[in-house]
Amino acid sequence: MSVLGLLIVIGLLLAGAFLSAFFWAVRSGQFDDTITPSLRILSDGEPPAIHKGDLE
Amino acid sequence: MQNSLNQTVVGPCCEHCGAPSSDGTVDARGRTFCCLGCRAVFELLDANGLSYFYRLEAHPGPTIEAIVEENAFTYLDRKDISRRLLAWQADGSCRVTLRIPAIHCVACVWLLENLYRFSPAIGESRVVFPRQELTVHFDPSRLKLSALVHQLSKLGYPPALCLDSLNSTEPVASSQRHLVQRIGIAGFVAGNTMLFSISSYLGLATSDGLARFMSYVSLALALPVVTYCAADFWRAAWFSLRGRVVSLDVPIALGLAALFGQSLFEIVTAHGGGYLDSLSALVFLLLIGRWVQDRAFESLRFDRNYADYFPLSATTLVDGGERIVPLTELRAGDRIVVRHGELLPVDGTLASGEARIDYSFVTGESDPVIRQAGDELLAGGRQVGGAIEINATRSVNSSGLVALWNQTGSEGDHDSAQTLISRAARWFTGGVISIAVASFFYWIIVDSSLALRSFVSVLIVACPCALALAAPFATGAARHWLARHGLFLRSPSVVERLAQCVAAVFDKTGTLTEASASVVSYRGKRLAAEDSAALAALLTGSSHPFGLAVRRFLGNPTSCQITAYEEIAGAGCRGLVERRSIACGSREWLASCGTLNLPTVDESRTSTVHWASDRVYRGRFDIVAPLRPELSQLMQNLGRSLRLVVTSGDSDRDRDRLVEALGSTVSMSFRQSPGDKRQLVEELQHSGPVMMIGDGLNDGPALRQSSVRIAVAEDVSVFAPACDALLQARELPRLAHHLQFSRHVLTVIKICFAVSIAYNLIGLGFAVTGQLAPVVSAILMPLSSLTVVGLAVGLTHLAARWTLTIR
């Protein structure tokens with residue numbers, strides 16, 4: 001049964017890694033604004049460059 | 001002959017902003033623009049390789065309202081101002097965060113995040129859409145702040161620069177971050193401890209050592225939940241105990257403490273596994289409830305003060321030259337120039353020019369006040385007409401209006417009022433503690449070994465988690481339903497106050513009437529095409545609101561040349577158009593121009609503009625601010641449950657029109673001073689809470705007196721005065737539905753309370769008999785919380801379907 005103890009430790013370490021990834025995400029402001037990124041992605045397909053007079 | 005203004009537009013629209021452009025300009029490729037400003041922006045974007053802007057949305061540009069002068073923002077470069085606006089970075093660049101109300105679509109975000117293409121001095125720029133904020137990194141040695149702001153204004157995105165911008169510090173995102181972090185930790189711990197507890201739920205015989213190991217791991221995991229995640233509950237309970245108020249936080253804290261204490265005791269003495277899974281699940285759910293409740297409308301602000309309305313700077317006259325100085329530096333004795341549409345920033349005496357000051361901002365009276373040179377002027381009014389010069393007699397902060405504002409700034413917090421929840425909390429806490437004590441003494445007599453256990457069990461089971469979740473989820477959901485239907489609430493508790501109102505006071509100007517859409521009707525000699533053209537040419541130079549209304553009414557006649565133009569602010573204007581002398585303005589103005597056959601007209605009911613050609617009277621334009629549509633239906637619906645009162649600072653010339661439109665159930669009072677209105681609200685409050693519906697700017701005292709302050713606005717994101725709720729003007733006719741909905745929400749909360757108390761009684765049955773097994777607690781507590789959350793959200797949704805979606 002002692003293998004269960006080992007598994008618990010490994011499981012906690014793994015979960016702890018995800019928790020710290022979550023902390024990093026919160027601290028770097030990824031949860032501050034959840035609306036703008038969804039708008040930003042809409043304009044990602046910008047053609048390389050449009051120069052003067054290209055617009056029709 | 002009579003016709004009225006018709007605003008429907010068919011025809012070409014502006015390539016940039018989508019406004020009708022039939023009288024605008026056309027460029028070489030046949031693209032039409034409503035004005036030169038829009039065309040300039042279009043060409044600027046095209047030249048900088050940014051024409052992708054126009055592919056993201058059709059006509060995405062904000063209408064260019066006025067061409068901004070190059071030097072309009074030079075005051076921003078002064079050290080004392082820029083120091084407070086800029087944040088310096090390590091590499092010598094700086095960062096500035098500006099609020100830009102014009103941000104409204106995907107294309108705006110894209111354009112503003114591509115600002116770097118305009119100048120090599122601009123680095124990264126980021127938009128925070130819900131707050132309508134733009135953060136720009138730039139190199140101040142190569143690009144001045146004033147130039148950056150000017151560039152933005154030229155593009156049609158002028159930043160909202162007001163006195164308050166100076167006080168703003170870093171965005172307060174940290175409290176939201178803390179909450180998200182707490183939810184994350186509590187969820188993590190709840191999930192893991194539940195996994196560890198499965199064996200004890202199922203009663204599986206695990207080896208003793210492993211079970212103890214798991215319970216110690218759970219204990220270690222639960223520590224941050226109790227100390228960090230639940231910190232707000234401890235604090236709130238402590239504050240309410242110290243203030244001798246019983247809030248729902250007290251039984252929550254009591255329950256959490258009992259849960260943790262019992263678990264700690266069981267684990268340390270090896271009696272069992274404790275209830276740490278229930279504890280962390282409860283905290284997790286409670287925090288989610290808080291998050292649901294606090295999701296705010298970030299672009300709206302409900303607590304503006306004078307600093308949000310006052311500009312950052314004023315124009316002063318120094319040695320004959322104009323200088324723009326920050327408002328905070330104005331001193332008594334300075335000479336200030338105030339132009340048409342500008343706010344008087346300080347108290348002063350009028351030095352030259354004729355002042356026509358619109359004090360509707362302060363007093364509610366919509367007719368401008370006329371003052372002559374030498375008269376005293378109070379800060380806070382808006383000059384209408386030509387430019388005036390003022391000698392300041394006080395600085396900004398000691399000016400009468402501002403002092404008044406500061407005095408009443410810390411108004412009473414309505415939230416502390418007797419609410420349903422606080423009443424329930426007092427009742428509940430009393431009940432729980434008496435049951436716990438009663439069962440303690442019962443077991444002392446019967447079997448003293450079970451006494452302490454049953455006492456703690458009662459506290460554990462009675463943790464009013466479900467009760468505490470009902471209100472946040474119901475009011476949080478209600479707030480979002482109301483927002484979807486045009487009513488934005490400052491805080492969730494407004495729902496409850498809204499439902500309890502017994503009377504509603506309406507302000508007339510700007511609330512029931514629609515000031516921006518004046519209806520003009522013409523009476524007199526027929527307006528031939530050349531008459532319209534001549535009048536339009538004459539009025540194009542006028543800045544008076546009546547002149548603008550008539551100009552709109554005339555439509556887009558052919559343009560013609562005008563010479564010898566002369567305007568007397570507030571009286572009228574005249575000029576020579578194609579060898580005809582045209583005069584337009586008040587009756588007195590026409591008389592002073594020597595007009596013949598001037599008729600006497602009853603002007604007590606409408607505002608009137610007359611005109612004459614070659615001194616011969618031709619006709620008059622009657623200008624009426626129209627009442628908003630569907631008011632009679634609204635009043636009828638509201639009248640079923642509320643007393644209705646309409647007040648106005650104006651004369652009673654609109655009385656007949658209002659009675660006709662609103663019905664006779666509404667009582668009306670005219671010529672009310674702000675003090676009278678306040679008194680009116682106070683009298684109505686003897687019978688219960690009173691809501692006041694106004695434009696939010698006028699009638700400060702009456703608004704502050706009322707229980708629920710609703711401001712009606714055409715554009716809620718630009719305009720946000722001190723109020724409890726913002727109502728979109730087009731949704732005003734449906735206010736009765738909003739009220740009905742808020743009453744339903746109150747019923748929903750009561751139902752949820754009943755359900756959660758029923759659950760508590762079942763749990764108490766286990767607890768007082770001393771049989772609360774961990775598995776019972778692990779099932780019962782989350783189940784009760786989840787049912788109550790489901791009920792609160794589901795029933796609110798149903799209520800919204802029933803009441804709000806009815807057209």
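Everything here concerns the structure above.
Attention here is on the structure that accompanies the text.

Rules behind the numbers
Residues numbered from 1 in each chain as written. Chains lettered and ligands numbered in written order. Predicted model: local features only at pLDDT ≥ 70, side-chain atom pairs only at ≥ 80, totals over all residues. Heavy atoms only, no water. Patch = residues over 30% accessible without salt bridge, like charges linked within 9 Å, V, L, I, M, F, W, Y side chains within 5 Å. Areas by Shrake-Rupley, 256 points an atom, 1.4 Å probe, with all protein chains shown as cover. Salt bridge = Lys/Arg side-chain N within 4 Å of Asp/Glu carboxyl O. Helix = DSSP H or I, 4+ residues; strand = E, 2+ residues; numbered from the N terminus. Pairing = 2+ DSSP bridges. Contact = heavy atoms within 4.5 Å. Polar contact = N/O pair within 3.5 Å; in protein donor to acceptor, adjacent residues only side chain to side chain.

1. Considerations on a nonpolar patch on the surface
Residue and element names in this part refer to chain B. Taken together, the side chains of Leu254, Ile433, Val437, Phe441, Tyr442, Ile444, Ile445 and Val446 present a nonpolar region at the surface, about 750 Å² in accessible area. A total of seven residues in the nonpolar patch trace back to one element, the largest contributor, which is helix H13 (residues 420–446). One can find isoleucine 445 in helix H13.

2. Observations regarding the sheet that holds strand S12 (residues 369–371) of chain B
Residues and elements named next belong to chain B. Pairing within the open sheet is antiparallel, and its three strands lie in the order S12-S11-S14. The open sheet has two edge strands, S12 and strand S14 (382–383), and neither has a second partner. Taken together, the three bridges between strand S11 (residues 355–358) and S12 define a ladder with antiparallel strand orientation. The residue bridging arginine 356 from the neighbouring strand is isoleucine 370, located in S12.

3. Let's talk about the sheet that holds strand S9 (residues 335–338) of chain B
All names here are of chain B. Spatial strand order, S8-S7-S9-S15-S10-S13: six strands in an open sheet with antiparallel pairing. Both outer strands of the open sheet, strand S8 (321–326) and strand S13 (376–377), are each paired with one neighbouring strand and no more. Pairing of strand S7 (residues 313–318) with S9, which is carried by two bridges, proceeds in the antiparallel orientation. Looking at S9, one finds that threonine 315 is bridged to valine 337.

4. Notes on the interface of chain A and chain B
Counting residues at the interface gives 32 residues for chain A and 34 residues for chain B. At the boundary of chain A and chain B, one finds one salt bridge. Residue glutamate 113 of chain B is joined to arginine 40 of chain A by a salt bridge in which the shortest nitrogen-to-oxygen separation is 2.7 Å. Across the contact surface, chain A and chain B share four residue pairs in polar contact (both at pLDDT 80 or more). Mapped by element, the contributors of at least two residues to the side of chain A that touches chain B are helix H1 (2–27) and helix H2 (36–40) of chain A. The element contributing the most residues to the side of chain A that touches chain B is H1 of chain A, with 12 residues.

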